[in-house]
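Listed here are the chains, written in short residue letters.
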Amino acid sequence: MAEIRKQQARLRGLRTSWIEAGAPGSPLLLMLHGYPDTPKVWENQISHFSKKFHVICPYLRGTSHSPARWMRRYSSDSLALDYLQILDRIDPSQSRPVYLVGHDIGAFQAWYLAPLLGDRLERFVIINGLSHWQVRSRVTRLEQLFKSWYVFAFQIPFLPEFATSHFAEELTNLAYSMGGLVPEKRPQNKNP
């Protein structure tokens, strides 16, 4: 298992957290997780890719490690600025290539971030996610609006932070069951 370093900085007035692994100086692999996941979802990938990359996995804005206090901090522009500032802290010269991976809502954010990286973007991978254009075309359908209820619920200030810090496992299990999947069985801790 790769040595994972937890990082935190105050970016544009808000605490922002991410994890890193791999050798500083290597090409950058920026991995954006989905919801209700955390960077822990990338654990196996971090272990594998940190041998050749400097892996960076930010906590999605609104999770307990990267809270937001204002609605505008959830905008695509604001989220992209968060990611760009993390990259600038790690590679101030902006000389290393960036490999960008996005999953679920992280894919949505990756689609927005990719063109902002310009020539630094070396590769772009989307896993089970939609672009902004695809989302816009689908949210006009009533059926899709009902399926995406959680997106609207999490626009309520403080709700994402509260829910993910107090009910992360329950939310993950709910997402699995709504998707018709069986959550992975975890051993129960018998000690209170």
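Residues numbered from 1 in each chain as written. Predicted model: local features only at pLDDT ≥ 70, side-chain atom pairs only at ≥ 80, totals over all residues. Heavy atoms only, no water.

### Remarks on the packing of aromatic side chains
Consideration 1: Summed over the entire model, instances satisfying the criterion amount to 4 aromatic pairs.
Consideration 2: Geometrically, the ring pair formed by F53 and Y99 is edge-to-face, given 4.9 Å between the ring centres and 75 degrees between the ring planes. Remark: Y99 occurs in strand β5 (residues 98-103) and F53 occurs in the loop between α1 (43-49) and β4 (54-58); sequence separation between them is 46 residues.
Consideration 3: When the centroid spacing of 5.8 Å and the interplanar angle of 65 degrees are considered together, the rings of F162 and F167 count as edge-to-face.
Consideration 4: Three or more aromatic residues link up through ring pairs in this structure, and these residues are F49, F53 and Y99. (Phe/Tyr/Trp six-rings, centres within 6.5 Å; stacked < 30°, edge-to-face > 60°. Helix = DSSP H or I, 4+ residues; strand = E, 2+ residues; numbered from the N terminus.)

### Section: the sheet that holds β4
Strands belonging to one sheet form pairs held by backbone hydrogen bonds; the direction of such a pair is parallel or antiparallel.
Consideration 1: With respect to topology, 6 strands assemble into an open sheet ordered β1-β2-β4-β3-β5-β6, the strand pairing being mixed. Edge positions in the open sheet fall to β1 (5-11) and β6 (121-127), since each of these has one partner strand only. On average, each strand axis in the sheet is inclined to that of its neighbour by 20 degrees, with strand direction left out of account.
Consideration 2: Pairing of strand β2 (residues 14-21) with β4, which is carried by 4 bridges, proceeds in the antiparallel orientation. Along β4, the bridge assignment pairs E20 with I56.
Consideration 3: Of the strands in this sheet, β1, β2, β3 (28-32), β4 and β5 are in contact with helix α2 (residues 76-90), which crosses β4 at around 145 degrees. (Pairing = 2+ DSSP bridges. Axes fitted to C-alpha atoms, helices over the stretch in contact; angles between N-to-C directions. Contact = heavy atoms within 4.5 Å.)

### Details of unusual backbone geometry
Consideration 1: Positive phi is not limited to glycine here, since Q94 has a value of about 55 degrees.
Consideration 2: Relative to the helices and strands, Q94 resides in the loop between α2 and β5.
Consideration 3: With a phi close to 60 degrees, D104 is a non-glycine residue in the positive phi region.
Consideration 4: Here D104 lies in the loop between β5 and α3 (105-113).
Consideration 5: Accessibility expressed as a relative area gives 23% for D104, which makes it partly exposed. (Buried < 20%, exposed > 50% of the residue type's maximum accessible area, 1.4 Å probe, protein only.)

### Considering the packing of helix α7 (residues 159-166) against helix α8 (residues 168-178)
Consideration 1: As a packed pair, α7 and α8 sit with axes 5 Å apart at the nearest point and diverge in direction by 95 degrees. If you check the angle between α7 and α8, you find them roughly perpendicular. Where α7 approaches α8, its residues A163, T164 and H166 are matched on the opposing element by A168, E170 and L171.
Consideration 2: The class makeup of the residues in the contact of α7 with α8 is 3 nonpolar, 2 polar and 1 charged. (Parallel < 35°, antiparallel > 145°, perpendicular 65-115°, else oblique. Nonpolar A, V, L, I, M, F, W, Y, C, P; charged D, E, K, R; others polar.)

### Describing the packing of α2 against α3
Consideration 1: Running from N to C, α2 and α3 point in directions that differ by 80 degrees, and their axes come no closer than 10 Å. Put simply, α2 runs roughly perpendicular to α3. Residues S76, D77, L79, A80, Y83 and L84 of α2 form the contact with α3, whose own contacting residues are F108, Q109, Y112 and L113.
Consideration 2: Partitioning the contact of α2 with α3 into residue classes produces 7 nonpolar, 2 polar and 1 charged.

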